[in-house]
Every structure is written in structure tokens, then in C-alpha cells.
Amino acid sequence: MTLSARDLSVRFGGLQALAEVSLEVTPGRILGLIGPNGAGKTTLFNCLTGVIQPKGTVVVDGVEITQLRTDERVRRGISRTFQTPRLDMNRTVLDAVMLGYTPHLAQGRLACFLGLPSVGRSEEHLRNGAIEKIRLLGLGGAAEDRAGSLSLGQLRLLEVARALVAGPRYLLLDEPAAGLDESDRIRLADAIKNAAASGIGIVLIEHNVGFVSRLSHELLALVNGTVVARGEPNSVVCSEKVVEAYLGPAYVH
Ligand SMILES: Nc1ncnc2c1ncn2[C@@H]1O[C@H](COP(=O)(O)OP(=O)(O)OP(=O)(O)O)[C@@H](O)[C@H]1O
Ligand SMILES: [Mg+2]
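Residues numbered from 1 in each chain as written. Chains lettered and ligands numbered in written order. Predicted model: local features only at pLDDT ≥ 70, side-chain atom pairs only at ≥ 80, totals over all residues. Heavy atoms only, no water.

Under an unreviewed UniProt entry, the protein chain has the name ABC transporter ATP-binding protein and belongs to Bradyrhizobium niftali.

Enquirer: Describe in detail the overall build of the protein chain, supporting the description with residues and values.
Expert: Tallying secondary structure elements over the protein chain gives 11 helices and 10 strands in all. Here the C-alpha atoms of the protein chain give a radius of gyration of 18 Å, agreeing with the 18 Å that 2.2 N^0.38 yields for 253 residues. Judged by the C-alpha coordinates and their principal axes, the protein chain covers about 65 × 40 × 35 Å. Within the protein chain, the fraction of its 253 residues that count as buried is 50%. (Helix = DSSP H or I, 4+ residues; strand = E, 2+ residues; numbered from the N terminus. Rg over C-alpha atoms; globule rule 2.2 N^0.38 Å. Buried < 20%, exposed > 50% of the residue type's maximum accessible area, 1.4 Å probe, protein only.)

Enquirer: Explain the site of ligand 1 to me, and be specific about the residues and the numbers.
Expert: As a structural note, the neighbourhood of ligand 1 is formed by 14 residues, with Asn37, Gly38, Lys41, Thr43 and Gln83 the closest of them. In this structure, an oxygen atom belonging to ligand 1 sits 2.8 Å away from a main-chain N or O atom of Gly38. Of all elements in the fold, only β2 (15–25) and α1 (41–49) reach the threshold of two or more residues within the shell around ligand 1. The class makeup of the residues in the shell around ligand 1 is five nonpolar, seven polar and two charged. (Near = heavy atom within 4 Å. Polar contact = N/O pair within 3.5 Å; in protein donor to acceptor, adjacent residues only side chain to side chain. Nonpolar A, V, L, I, M, F, W, Y, C, P; charged D, E, K, R; others polar.)

Enquirer: Could you give an account of the sheet that holds strand β4 (residues 55–60), with specific residues and numbers?
Expert: Backbone hydrogen bonds are what pair the strands of a sheet, in a parallel or an antiparallel way. Spatial ordering of the open sheet is given by β2-β1-β4-β5, a layout of four strands whose pairing is antiparallel. The open sheet has two edge strands, β2 and β5 (63–64), and neither has a second partner. As paired strands, strand β1 (residues 3–12) and β2 are joined by seven bridges and run antiparallel to one another. The residue bridging Ser4 from the neighbouring strand is Glu24, located in β2. (Pairing = 2+ DSSP bridges.)

Enquirer: Requested: an account of the coordination of the magnesium ion (ligand 2), with residues and values cited.
Expert: Note on metal sites: the ideal angle is 109.5 degrees for four tetrahedral donors, and 90 or 180 degrees for six octahedral donors. Distances from the magnesium ion (ligand 2) to its protein donors, namely Thr42 (OG1) and Gln83 (OE1), fall within the range 2.0 to 2.2 Å. Separated by 41 residues along the polypeptide, Thr42 in helix α1 and Gln83 in the loop between β6 (78–80) and α3 (93–98) bring together distant segments of the chain. For Thr42, a relative accessible area of 24% translates into the label partly exposed. Residue classification places Gln83 among the partly exposed positions, given a relative accessible area of 33%. (Donors = N, O, S within 2.8 Å, 3.2 Å for Na, K, Ca; no water.)

Enquirer: Hey, could you go over the pattern of salt bridges for me, with residue numbers and the actual values?
Expert: Under the criterion given, the structure shown has nine salt bridges. Here Glu144 makes a salt bridge to Arg127, at a shortest N to O gap of 3.9 Å. Residue Glu144 is found in the loop between α6 (119–136) and α7 (152–165), and its partner Arg127 is found in helix α6; the two are separated by 17 residues along the sequence. Three or more residues joined by partner-sharing salt bridges are found here, namely Arg69, Asp71, Glu72 and Arg75. (Salt bridge = Lys/Arg side-chain N within 4 Å of Asp/Glu carboxyl O.)

Enquirer: Describe empty space enclosed by the protein, with residues and values.
Expert: Where empty space is left can be seen by rolling a probe of water-molecule size over the atoms. Under the definition given, this model contains one cavity of 30 Å³ or more. Taken together, Thr81, Phe82, Arg156, Glu159, Val160, Asp174, Glu175 and Pro176 make up the lining of the largest cavity. Looking at which element gives the most residues to the lining of the largest cavity, the answer is α7, with three residues. Tallied by class, residues from the lining of the largest cavity come to three nonpolar, one polar and four charged. Of the domains in this structure, domain 1 (1–77 + 168–253) and domain 2 (88–161) are the two that each give at least three residues to the lining of the largest cavity. (1 Å grid on protein atoms, 1.4 Å probe; cavity = no way out; pocket = protein on both sides within 12 Å on 5 of 7 lines; lining within 4 Å. Points joined across faces, edges and corners; volume = space filled by probe spheres on them. Domains from an automatic or database assignment.)

Enquirer: Hey, could you go over the environment of Gly62 for me, with residue numbers and the actual values?
Expert: If you trace the backbone, Gly62 turns up in the loop between β4 and β5. Residue Gly62 is classed as exposed on the basis of its relative accessible area, which comes to 70%. Between the C-alpha atom of Gly62 and that of Met1, which follows or precedes it by 61 residues, the distance is 7.2 Å.

Enquirer: I'd love a proper account of the packing of aromatic side chains, names of residues and values included.
Expert: The description of an aromatic ring pair rests on the distance of the ring centres and on the angle between the ring planes. Tallying each qualifying case throughout the model produces zero aromatic pairs. When the ring centre of Phe82 is taken as origin, the NZ or CZ atom of Arg86, which lies over that ring, is 4.1 Å away. (Phe/Tyr/Trp six-rings, centres within 6.5 Å; stacked < 30°, edge-to-face > 60°. Lys NZ or Arg CZ within 6 Å of the ring centre and 35° of its normal.)

Enquirer: Quick rundown of the layout of surface pockets? Include the residues and the values.
Expert: Estimates place the volume of the largest pocket at around 370 Å³. Forming the boundary of the largest pocket are 17 residues, of which Val74, Arg80, Phe82, Pro103 and Arg162 lie nearest the centre. Mapped onto the lining of the largest pocket, the elements with two or more residues apiece are α2 (70–75), β6, α4 (102–106) and α7. Counting residues per element, the lining of the largest pocket draws most heavily on α2, at four residues. Residue contributions to the lining of the largest pocket reach at least three from each of two domains, namely domain 1 (1–77 + 168–253) and domain 2 (88–161). The volume enclosed by the second largest pocket comes to roughly 230 Å³.

Enquirer: Tell me about the domain arrangement of the protein chain, residues and numbers included.
Expert: Structurally, the protein chain comprises domain 1 (1–77 + 168–253) and domain 2 (88–161). Taking only C-alpha atoms into account, the centre of domain 1 sits 25 Å from that of domain 2. The interface of domain 1 with domain 2 comprises 15 residues on the first partner and 12 residues on the second. A combined buried area of about 1,100 Å² lies between domain 1 and domain 2, and 67% of that area is made up of carbon and sulfur atoms. Linking domain 1 with domain 2 are zero salt bridges. Here domain 1 is connected to domain 2 by three residue pairs in polar contact (both at pLDDT 80 or more). Elements with a minimum of two residues in the side of domain 1 that touches domain 2: α2, β7 (170–174) and α8 (182–197). The element contributing the most residues to the side of domain 1 that touches domain 2 is α8, with five residues. (Contact = heavy atoms within 4.5 Å. Buried area = accessible area lost by both parts, 1.4 Å probe.)

Take a look at the structure:
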């Protein structure tokens, strides 16, 4: 069981956004993805989720999915959040989170997905499942509020709840901690750890190197579309190329 990308390359005109990037994440593991602005982190997520067609291959649990549409990949267990939350601000928080079920509903496989006998009951189960995730992310008091009334940090937490209700085996989080205050950051970190402990493989893009190092089992560092370091978090953070990319060549000794 693995989500793996092999030799992904993407060009935007003259810009090589990704150059033969490979990664693997297995159930229960947290892979941190770091790198300066423009390194290609979000582009990598776009390749994994089918927003962009790269050169190279994407394989989930032994099945190549490189040609599949985004919704088909969600049904195969890959969910994501966006760097800039994509939400209908007029919906309630609960409705916005329930949209996370949509790819499964569209396939008509909901009863199978939930193991449920009847539609009436399934609706209630969907609601309860969504409310549970909303509470987990600390938004329980806001379930009936408009999404538009939330802070940016809370919208990121809402996106995590929405991604979780899809029941993913792999969860891709694009800077979920950006703009969060300390208590929400702790709640997010707990939710990520719990998701991993429940067997979800997680890829976490994050600029806060301390936050991502503490949470991740492994780090992968991208600079200008190229992998410059990967492995145990502390060794990646201290590696020459990562220090140079974040702080400049003067800091490398
Ligand atoms: N659709 C696009 N068309 C053209 N260039 C793009 C497109 N998407 C991304 N790029 C460029 O590709 C490079 C990688 O962008 P990407 O968004 O993947 O970086 P990132 O590592 O996520 O950065 P950040 O930390 O700022 O979010 C950047 O130079 C960006 O301007
Ligand atoms: Mg990005």
C-alpha cells in the first residue's frame, strides 16, 4: 500500500516547475514537503490529484492513476486541501464539509462506502460523520454559521474536515497551518497525528520548518523543482542545500 510518484516533470513554458521528482508515502506515515516559494510544492500536489498532467507516473496501491480525473482519484482514496481555501462562503460550515462526500455520492457507491442499508439512515450518518470531523477540528460551535464568517485559519481547518469526510487513504495538505493561532495549530497537529494513527498516509506542505519537522516521519525538500534532500527531518533541515535555499549561501559553512 503506497501512494508513489515516479519521475514527475512539469514545464510551464520556459520554466521547469518540477524535474524528475519522486516520492512515496505509506499508510500511517507523515511526509513533510518543504521548500521556498515557487519550489514546486503545490505543482506536485496538482500532479498527484490530476489537476496537471505531468511527465512520469502516479501509482496508488499498485494501480497507475496518471491518466485519471481528479474525482476518480478521490474515489481511489486521495484527498487534498488547497493553499487558498476553495469554498462557497454562503454555505454553512456543515454543508461545506458535507461536500467532501460528493465524489462518492456521484459514483452511486455511497451505501457500499458507508456499509449502510438505507438512504434515509445514510443521510443521518453523513451528517454525523461531518459533525464529528468539524468537532475534531475545533469548529463545533460554528457548524451552522456561514463559512464566510470564519477566519482564514478556521477555513483551512474546515478544508481539512472536508477532506477527511471523504474517508481518504492518502491526505495531501497544502499549508494547512498558515494563519492559524497557537491553539488552532495544536488542534491541527493533533488531527494530523490522529489521521496518521488511523492509517492515513499524509503529505504535509508547510513553511514552518519546526512545525513540520516535529510532525513528520520524513521530510522531502524541493528547490526550483528539484529534490535537494530527503530523509530524517533533522538531517534534511540541517542539510547544506536546504540551509542555503532558506537562508542564503552566506549561512552554509
Ligand atoms: N499554472 C501555472 N502556469 C505557469 N506557471 C506556474 C503555474 N503554476 C505554478 N507556476 C510556477 O511554477 C513554479 C512552482 O509553483 P508552485 O505553486 O508549485 O510553488 P510552491 O512551492 O507551491 O510555492 P509557494 O510556497 O509560494 O506556495 C512557480 O515559479 C510558479 O510561478
Ligand atoms: Mg504552494
